[in-house]
Amino acid sequence: MKKFFIAIVILQMFFLASCTKGWLDINDNPNNPNTSVPTVDLRLPSILAQFVDGYESAGTRGALVSQQLVSANNSANNWNLTQWNITSAAGNWPYQSWYVYCGVNIPDLLKAAEKVGANHYYGAGKIIWAWGFTNLADMYGMVPFDEAFVGGNMTPKYNQGDYIYEKALQELEVGIQYLQKQQGESAPSLSKGDYLYQGDVQKWIKLAYGLKARLLNHLSKTDKYNPSAILESIEKAPLLASESAIYQYQDELVSTNASTNSLQYANNNTNRLSQLYINYILNKYTGAPSGGGNVEDPRALLLIPNIISKGVQNRTVGVDLSTLSANGFPSSEPKYAALRAVAETATVSGSTGTWYTTKGAKGLLLTNSEMYFIRAEVYFKQNNKVQALQAYKDGIKAHCELLGVNSSNFLGSTSVVQDANLLTLSQIMIQKYIALSYSPEMFNDVRRMNFCTDKAGNYDESQGIYKGFIRPSFAYNVSFPNQTMWPRRFNVPTYGIQYNLDQVLKSDPDAQSVTYMAKPVFWDK
């Protein structure tokens, strides 16, 4: 763990040295790696790659806690998350990815961008900065922000999420302003280093507004909730599939066209789908729309793997968390198909895999589908059922388009709500749960909507939003001893516990409590 802090100190020392006029400035060797030589177009690709790594890994962890995924390895961190034993080690990587590999490099990107007038790179850097910190604030509730990358400070103070949100919303505005500026004459084109939007400045601006809409919608339980501001941001956010923030993993070996493993491929070796997730896709939950003209969701074939046995394919069974024992089940259990595509052998059943877990899958970071579902939620809360229904359908259609399937028959069937007066918030949010598969946003939503509980926190299908979302039969009772306690955050990562405990406890003395993971983050109270 000490290497983590040494790496940061070294990077900060380079950063400080690059700001000092003197012999260091005239002796930079462009053949030696340091923080001052690389141009902005060389910096941005690695920052994007590391951000996506941490962000999508946060999504896998959220999906395990939020019952899309179930671990089949009862000795690993993923199993801990399945049973809500949210240990420091289980949530480390998104934090480490940001502080060691991604965020620490953004100040140097901004400095290099200012030097040559690369305003578009500066704007993109500000957007990633705001996005990365708010993602961690959502996960952990508090993280180092003001003192995160201050040279020589190995014990930075922690800032609470509401403060980070305030600063991040300001940073998004700065990012938009810089993206709207002209580039300097010597500045490289954004397209040279932009693997997300290939240099399309307008799409970066839309991303910033999409992030703003997302963050403002997180405030739905607070006195700062502003529906008009959310809808205004959505109008400027990604509303087309082509405007969505979708990361295509780059080729590992160009000569052989071997795609680098996607994050969800890498993260889901032994994980399996829950029965809850499958039931949502197949429209089998309390209050699901139904009638004489039901049509199966066309996404089912892509999201639910088939088991291949003796050349015959059958849809996998989902893991039922109400009956699963604390011992779990082996990854070789034949009735649960692997999430990765696997060829059948004489001793192992095959699997067709899922859209999200193919080797070269795309990372859906912020999509037009999500924007439509946010719009549907806001309209529904305003009692504007007609527009809520349209946005709900638009969200389904947009996600189908992103996955490459035709939704016409499905959208016109009784499997989708057709009468605005019959639409419920539960139906909107369950469809959004599907569209946000393996996304950190899905865990944010289930917390905001209080899982499937009444106001007292008791499981209640009549009042709850996520029908069938129960406490696992083997929930970790040390951290969640009462039936009204549900996961509300990830534990403080190991680095803070082992090396910066004083600052952690100054920010929140409750962090040493075994029930800390049941304490809501600022927007969840």
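Since we're looking at a predicted model, the values are computed, not measured.

Undergrad: Give me the side chain of Ser97: which residues, what numbers.
TA: Mapped onto the secondary structure, Ser97 falls in helix H5 (residues 92–102). Residues contacting Ser97, with those up to four places away along its chain left out, are Gln50, Asp53, Gly54 and Cys102.

Undergrad: Kindly report on unusual backbone geometry, identifying the contributing residues and their values.
TA: If you check the backbone angles, Gln198 has positive phi at about 55° while not being a glycine. With relative accessibility at 54%, the residue Gln198 sits in the exposed group. The backbone of Asn450 sits at a positive phi, close to 60°, despite the residue not being glycine. Along the polypeptide, Asn450 turns up in the loop between helix H18 (440–448) and helix H19 (494–499).

Undergrad: Hey, could you go over the pattern of salt bridges for me, with residue numbers and the actual values?
TA: Tallied over the full model, the rule gives 18 salt bridges. One salt bridge in this structure joins Lys221 and Asp524, with 2.6 Å as the shortest N-O distance. Of the two residues, Lys221 is situated in the loop between helix H9 (201–218) and helix H10 (227–235) and Asp524 in the segment after helix H20 (501–507); the sequence distance between them amounts to 303 residues. With relative accessibility at 3%, the residue Asp524 sits in the buried group. Sharing partners across several salt bridges, the network here consists of Glu377, Lys381, Lys432, Asp445 and Arg448.

Undergrad: Requested: an account of the environment of Asn406, with residues and values cited.
TA: One can find Asn406 in the loop between helix H15 (385–403) and helix H16 (408–411). In this structure, the C-alpha to C-alpha distance between Asn406 and Leu273, residues 133 residues apart in sequence, is 24 Å. Within the structure, Asn406 has its side chain in polar contact with the backbone nitrogen of Ser408 (distance 2.8 Å).

Undergrad: For the side chain of Asn368, give the residues involved together with the corresponding values.
TA: The residue Asn368 is located in helix H14 (residues 368–381) in this model. Assessed through its relative accessible area of 2%, Asn368 is described here as buried. With residues up to four places along the chain from it excluded, the contact list for Asn368 reads Pro238, Leu239, Leu240, Ala241, Ser244, Ala398 and Leu402.

Undergrad: Could you give me a rundown of the confidence of the model for the protein chain, with the residues and numbers involved?
TA: Low pLDDT means the predicted atomic positions in that stretch should not be read closely. Per-chain confidence: the protein chain averages 92 in pLDDT, with 91% of residues scoring 70 or above. Across residues 1–27, confidence stays below pLDDT 50; counting only partners more than four residues off in sequence or on other chains, it has 35 contacts.

Undergrad: How would you explain the packing of helix H3 (residues 40–65) against H18 if you had to name every residue and give the values?
TA: Remark: H3 packs on H18, axes separated minimally by 6 Å, with the N-to-C direction vectors making an angle of 40°. Put simply, H3 runs oblique to H18. Together, Tyr55, Ala58, Gly59, Gly62, Ala63 and Val65 of H3 and Pro440, Glu441, Met442 and Phe443 of H18 make up the contact between the two elements. Here the residues of the contact of H3 with H18 are counted per class, giving seven nonpolar, two polar and one charged.

Undergrad: Please set out the sheet that holds strand S8 (residues 306–309) residue by residue, giving values where relevant.
TA: Overall, antiparallel pairing links the three strands, which are arranged S9-S8-S10 in an open sheet. Only two strands of the sheet have a single partner each, and these edge strands are strand S9 (312–315) and strand S10 (350–351). Two elements, S8 and S10, share two bridges in a ladder whose sense is antiparallel. Residue pairing across strands places Ile308 opposite Gly350, the latter belonging to S10.

Definitions and cut-offs
- Residues numbered from 1 in each chain as written.
- Predicted model: local features only at pLDDT ≥ 70, side-chain atom pairs only at ≥ 80, totals over all residues.
- Heavy atoms only, no water.
- Helix = DSSP H or I, 4+ residues; strand = E, 2+ residues; numbered from the N terminus.
- Contact = heavy atoms within 4.5 Å.
- Buried < 20%, exposed > 50% of the residue type's maximum accessible area, 1.4 Å probe, protein only.
- Salt bridge = Lys/Arg side-chain N within 4 Å of Asp/Glu carboxyl O.
- Polar contact = N/O pair within 3.5 Å; in protein donor to acceptor, adjacent residues only side chain to side chain.
- pLDDT = per-residue confidence, 0-100.
- Axes fitted to C-alpha atoms, helices over the stretch in contact; angles between N-to-C directions.
- Parallel < 35°, antiparallel > 145°, perpendicular 65-115°, else oblique.
- Nonpolar A, V, L, I, M, F, W, Y, C, P; charged D, E, K, R; others polar.
- Pairing = 2+ DSSP bridges.

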